[in-house]
Amino acid sequence: MKEIMSGNEAIARGAYESGVSVAVAYPGTPSTEILENIAQHPSIRAQWSPNEKVALEVGIGASLAGARVLVAMKHVGLNVAADPWLTIAYTGVNGGLVLVSADDPGMHSSQNEQDNRFYARMAGVPMLEPADSQEAKEFVGLALRISEEYDTPVLLRTTTRIAHSKGLVELGERGEHPLRPYTKDPKKYVMIPAHGRLRHQAAADRLAKLTRLAEETPVNKVEQRGKVGVITAGVCYQYVRETLPEASVLKLGLTYPLPKDKIRTFAQQVDELYVIEELEPFLEEQIRAMGISVKGKELTGVLGELDQKRLAVSLGLEDPPPSASAVSRPPVLCPGCPHRGVFYVLRRLRLTVMGDIGCYSLGALPPLDAMDTCICMGSSIGSALGMEKADPAWAERCVAVIGDSTFLHSGMTPLLDVVYNGGSTTVLILDNSTTAMTGHQDHPASGRTLGGDPAPKVDLEMLIRALGVRRVQRVDAYDLAAIRRAVREETAAPEPSVIIVSRSCALRTSPARPLVVDEAKCNGCHACLKLGCPAIQEGARIDPHLCRGCGLCSQVCPRGAIGGDSNVQC
Amino acid sequence: MSNVNNILLAGVGGQGIILAGKLLAEVLAAGGFDVKLSEVHGMAQRGGSVVTQVRFGPRVYSPLVSPGKVDYLVAFEQIEAWRWISWMRSGGLLIMDEQIIYPAGKTQVSLPEDLTSRPGTICLNARQLARQAGLVKAANMVLLGALAAHLGLDLKIWHRVLEDLVPAKYLEPNRKALEEGFARAKPSHDSLSSGPPC
């Protein structure tokens, strides 16, 4: 039986069919749907952890306890999890452990387009790269078999076009894998230096064995056709097949370690050899280091995504497409978004804003223009402290803005740093009770688990006070005057302070009655347009189908021209 | 790859494009084709440009459509039709909802020319037809119905897949909306003289 599945759905199915019994992740585009789909299978214990490092550590424990484990994250999540990742490369596993890294070439929804294939090489760990949904499913099982047979974690690396493209997938049955027994083995699992040296040797020996596997595995396969040869992997294989149907192709499924003999033989059988890969010259540099002459990055470049058109243009087979200019439709905060008022106030107060990762990064765009930085998860608070350390005058002019899920992911330790090192940073936590950007996933303060069960709900205020912050205020995200007052008070206070700005995500609440503009009172000053609300149009008309009745525009209108029922109930 | 057909579904977040793409892909698979579909879950949950790319044929490699190769552009409003019109091959079919959804804050934009009277265009008031069918949100089904009239697959397959995907209480208006779009878009053979084999 075949079903149409995205790469992420297929990975979830692969976990089910391969007997995975524990699955852990922190949500992040383009990886999020893997765990959401795994959670549909009651036979798998699936959970959101507060961040990717914790997710991998939970995965390590489950593997030690003998379970087959899948851990998933977006590419930058593996930076957070890199610490355990680079050391389980030494310890190895008990139950099979596959880590899915979903990379985002082209940065559809990310702050960078780092190439995580290097994490396999840095760790000396095998890596699989599926080229479509069918392979995405199959490679989960293959990864777990390799993991158990070679005593290693395995990196399953996808990209956005694998994760979010759909294709037909042949379904199989659930495979059960009983827990492997746990055996105490400090020399293998306690990585003190004396043991670490032994395990590094074991990892090096393992890599030599994996190289032999790479030569033999059917997922590294040659399609022998013409005298032009291409070495490629992942979704790029599809682009190569579209663009060069007559070429011979060495399609790599296991992309680390490389099958050097197979590559040499392939190179000898063709007149011209290309390496086609997105982002960095990961394959190309290793193949060049073998003394083989190839063409690659000088044609395709290292930026962004490839596709068959871009590949054909790079190879000189087609002309570039005409550049089309169309009316732009930049992403905006939704109508009724509880983040809008905060940024409006911060802009009016001319504050410097250290931002963070989430929907609220849209507060950087016009007309709000209210964010100065956005680097990585949790960076806002440490950066604000750093500004103040460079020049104490920043304490009153700079604030950190971070969402609730991001704060729980990696905002607590920098806040502890503010307290410990005598900062007087003001932090605004935009608490919409969900992980909104990735599509409303639960977290430790939302009161629900991934499986939808009730969970203890961490009290943000108590948590912040426990970290040593004495000044904590709560304000309503729809009350501009209250936000303004709180920000003024806390930036002036010579000690650390946190303002929790609360309202549920507008996409998860039912709208209040739309507001209307009284045309007799409106003088067309356009003060309301400075909110950047998609429901308010030029000429000051409110689209009743878009308006959620949040009431911000009636608060900024100097003539009191916007009325109707404003939303005061929670 | 001339035996692979390319479809773009283009509109604005919140218009039901993801569901439309899912339905279309399921129908094509049920019709015996290899199918690939690509969508991007973008920054803005609502209000941003959204495009779903669908390719079908005996064997599909890339999930992405190339510029100049689009056989069917289904535009859920006019600005997005303009964004993608240069991607169509000559003789391709444009199915377009006549509404215009303005970018945030704008009440007018200047469009280069009137697409509604472009040869090879089926222009519908999909929202109104959906409202008549009993559910304004079923405008996506009106547009898919118009596409169905040209893809040449049995309408029964569409209905069967619709039953699987749409909750029972919304099924009837969605079914009617699909039929309404189908009825309004009977192929006129002049506009599709070089139409793709289906």
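None of the values given here were measured: they were computed from a predicted structure. (Residues numbered from 1 in each chain as written. Chains lettered and ligands numbered in written order. Predicted model: local features only at pLDDT ≥ 70, side-chain atom pairs only at ≥ 80, totals over all residues. Heavy atoms only, no water.)

Before going further, it helps to examine the pattern of salt bridges. Residue and element names in this part refer to chain B. Counted according to the given criterion, the structure contains 35 salt bridges over all chains. The residue Arg-184 makes a salt bridge to Glu-180 at a minimum N-O spacing of 3.1 Å. Highlighted residues: Arg-184 and Glu-180, both in helix 6 (residues 168-184), separated by four residues, approximately one helical turn. We classify Glu-180 as partly exposed; its relative accessible area is 26%. (Salt bridge = Lys/Arg side-chain N within 4 Å of Asp/Glu carboxyl O. Helix = DSSP H or I, 4+ residues; strand = E, 2+ residues; numbered from the N terminus. Buried < 20%, exposed > 50% of the residue type's maximum accessible area, 1.4 Å probe, protein only.)

Before going further, it helps to spend a moment on the packing of helix 4 (residues 139-151) of chain B against helix 6 of chain B. Residue and element names in this part refer to chain B. Running from N to C, helix 4 and helix 6 point in directions that differ by 45 degrees, and their axes come no closer than 6 Å. As far as their axial angle goes, helix 6 and helix 4 are oblique. Seen from above, helix 4 lies across helix 6 with right-handed handedness. On helix 6, the residues that touch Met-141, Val-142, Leu-144, Gly-145, Ala-146, Ala-148 and Ala-149 of helix 4 are Asn-174, Ala-177, Leu-178, Gly-181 and Phe-182. Its residues placed into classes, the contact of helix 4 with helix 6 shows nine nonpolar, three polar and no charged. (Axes fitted to C-alpha atoms, helices over the stretch in contact; angles between N-to-C directions. Parallel < 35°, antiparallel > 145°, perpendicular 65-115°, else oblique. Left-handed = near helix turned anticlockwise from the far one by under 90°. Contact = heavy atoms within 4.5 Å. Nonpolar A, V, L, I, M, F, W, Y, C, P; charged D, E, K, R; others polar.)

Moving on to helix 20 (residues 412-420) of chain A. Residues and elements named next belong to chain A. The set of residues buried in helix 20 consists of Pro-414, Leu-415 and Val-418. Down the axis of helix 20, the smallest arc covering the buried residues is 105 degrees, so these residues share one side. Facing away from the buried surface of helix 20 by more than 90 degrees, the exposed residues are Thr-413 and Tyr-420. Elements in contact with the buried residues of helix 20: helix 17 (379-390), helix 19 (404-410), strand 16 (426-431), helix 21 (460-466) and strand 18 (497-502). Downstream of helix 20 by a residue or two, Gly-422 has a phi angle that is positive, lying close to 70 degrees. (Arc of directions from axis to C-beta.)

This part is about the domain arrangement of chain A. Domain boundaries assigned for chain A yield domain 1 (2-216), domain 2 (221-314), domain 3 (340-508) and domain 4 (516-563). When each unit is reduced to the centre of its C-alpha atoms, the spacing between domain 2 of chain A and domain 3 of chain A is 46 Å. (Domains from an automatic or database assignment.)

On to the sheet that holds strand 6 (residues 127-128) of chain A, then. All names here are of chain A. In spatial order, the strands read 3-2-4-5-7-6-12; together these seven strands make up an open sheet with mixed pairing. At either end of the open sheet lies a strand with only one pairing partner, and these are strand 3 (45-48) and strand 12 (254-256). Across six bridges, strand 4 (residues 69-74) lies against strand 5 (residues 97-103) in parallel orientation. Bridge pairing in strand 5 places Lys-74 opposite Ala-102. The strands touched by helix 7 (residues 133-150) within the sheet are strand 4, strand 5, strand 6 and strand 7 (154-159), with strand 7 carrying the most contacts at an inclination of about 160 degrees. (Pairing = 2+ DSSP bridges.)

Here the focus is the sheet that holds strand 10 (residues 228-233) of chain A. All names here are of chain A. The four strands lie next to each other as 9-11-10-13, forming an open sheet whose pairing is mixed. With partners counted over all chains shown, the strands left at the sheet margins are strand 9 (221-223) and strand 13 (272-276), one partner each. In this sheet, adjacent strand axes meet at a mean angle of 20 degrees when their direction is disregarded. Both strand 10 and strand 11 (residues 248-252) contribute to a ladder of five bridges, which runs parallel.

This next bit is on the packing of aromatic side chains. Enumeration according to the criterion identifies five aromatic pairs over all chains in this entry. A centroid spacing of 5.2 Å and a plane angle of 90 degrees characterise the contact between Phe-118 of chain A and Phe-282 of chain A, whose relative ring orientation is edge-to-face. Within this pair, whereas Phe-118 of chain A is found in helix 6 (residues 117-123), its partner Phe-282 of chain A is found in helix 13 (residues 282-289), the two being separated by 164 residues in sequence. Residue classification places Phe-118 of chain A among the partly exposed positions, given a relative accessible area of 32%. Note on Phe-282 of chain A: relative accessible area 1%, which makes it buried. With a centroid separation of 5.0 Å and an interplanar angle of 80 degrees, the aromatic rings of Trp-84 of chain B and Trp-87 of chain B are classed as edge-to-face. According to the relative accessible area criterion, Trp-84 of chain B is buried, its value standing at 14%. Taken together, the aromatic side chains of Phe-118, Tyr-256 and Phe-282 of chain A make up a single cluster linked through ring pairs. Above the face of the Trp-394 of chain A ring, Arg-397 of chain A is positioned so that its terminal group lies 4.3 Å from the ring centre. (Phe/Tyr/Trp six-rings, centres within 6.5 Å; stacked < 30°, edge-to-face > 60°. Lys NZ or Arg CZ within 6 Å of the ring centre and 35° of its normal.)

One recurring pattern in soluble globular proteins is that nonpolar side chains are buried together. With 68 residues, the main nonpolar core has Leu-346, Phe-407, Leu-415, Leu-428 and Ile-464 of chain A as its most contacted residues. A domain split of this core shows at least three residues from each of domain 3 (340-508) and domain 4 (516-563) of chain A. For Leu-428 of chain A, the residues in contact, after removing those within four places along its chain, are Val-342, Leu-346, Val-399, Ala-400, Val-401, Ile-402, Val-487, Ile-499 and Val-501 of chain A. Residues Ile-17, Tyr-72, Leu-147 and Ala-177 of chain B belong to the second largest nonpolar core, which totals 49 residues. (Core = buried A, V, L, I, M, F, W, Y, C linked by side-chain atoms within 4.5 Å.)

Turning our eyes to something else, we now look at the interface of chain A and chain B. The interface of chain A with chain B comprises 44 residues on the first partner and 44 residues on the second. Counting the surface lost from both chain A and chain B, the interface buries some 3,900 Å², and carbon and sulfur atoms represent 57% of this. Taken together, chain A and chain B are joined by three salt bridges. With a shortest N-O distance of 3.0 Å, Arg-329 of chain A and Glu-77 of chain B are connected by a salt bridge. The interface formed by chain A and chain B holds 13 residue pairs in polar contact (both at pLDDT 80 or more) in total. For the side of chain A that touches chain B, the secondary structure elements donating two or more residues are strand 8 (165-170), helix 11 (236-243), helix 15 (308-314) and strand 20 (536-537) of chain A. Among the elements that line the side of chain A that touches chain B, the one with the most residues is helix 11 of chain A, at five residues. (Buried area = accessible area lost by both parts, 1.4 Å probe. Polar contact = N/O pair within 3.5 Å; in protein donor to acceptor, adjacent residues only side chain to side chain.)

Unfilled space is identified by rolling a water-sized probe across the atoms. All names here are of chain A. Of the voids in this model, the second largest pocket is the one considered here, and its volume is about 630 Å³. Forming the walls of the second largest pocket are 39 residues, and the residues nearest its centre are Lys-74, Gln-111, Ile-357, Gly-358 and Met-377. Put simply, the parts of the chain that give the lining of the second largest pocket at least two residues each are helix 4 (75-80) and helix 19. The greatest single-element share of the lining of the second largest pocket, amounting to five residues, is contributed by helix 19. (1 Å grid on protein atoms, 1.4 Å probe; cavity = no way out; pocket = protein on both sides within 12 Å on 5 of 7 lines; lining within 4 Å. Points joined across faces, edges and corners; volume = space filled by probe spheres on them.)

Next up on the list: the pairing of strand 2 (residues 34-38) of chain B. Residue and element names in this part refer to chain B. Within strand 2, five of the five residues are buried, leaving the element largely enclosed by the surrounding structure. Because side chains alternate across strand 2, one face comprises the buried residues Asp-34, Lys-36 and Ser-38, and the other comprises Val-35 and Leu-37, equally buried. With five bridges joining them, strand 2 and strand 3 (residues 49-57) adopt antiparallel strand pairing. Within strand 3, the position partnered with Val-35 by the bridge is Phe-56.

Residue and element names in this part refer to chain A. Orientation of helix 17 relative to helix 20, taken along the N-to-C sense of each, is 25 degrees, at an axis distance of 7 Å. Viewed along their axes, helix 17 and helix 20 adopt a mutual orientation that is roughly parallel. Relative to helix 20, the crossing made by helix 17 is left-handed. Mapping the contact onto sequence places Ile-381, Gly-382 and Leu-385 in helix 17 and Pro-414, Leu-415, Asp-417 and Val-418 in helix 20.

Among the residues of helix 12 (residues 260-268) of chain A, those classed as buried are Ile-263, Phe-266 and Ala-267 of chain A. For helix 12 of chain A, the arc enclosing every buried residue in end-on projection is 100 degrees, short of the 170-degree limit, so these residues lie on one face.

Another point: the pairing of strand 7 of chain A. All names here are of chain A. When you tally the buried positions in strand 7, you get six out of six residues, the bulk of the element. Residues of strand 7 alternate between two faces, with Val-154, Leu-156 and Thr-158 on one and Leu-155, Arg-157 and Thr-159 on the opposite face, all of them buried. When strand 5 meets strand 7, the two strands line up parallel, connected through six bridges. Within the sheet, the bridge partner assigned to Ser-101 lies in strand 7 and is Arg-157. For strand 6 and strand 7, the ladder comprises two bridges, and the chain directions are parallel. Directly across from Met-127, in strand 7, lies its bridge partner Leu-155. The β-α-β motif built from strand 6, the intervening helix 7 and the parallel element strand 7 has right-handed crossover chirality. (Right-handed = clockwise from strand over helix to strand, strands pointing away.)

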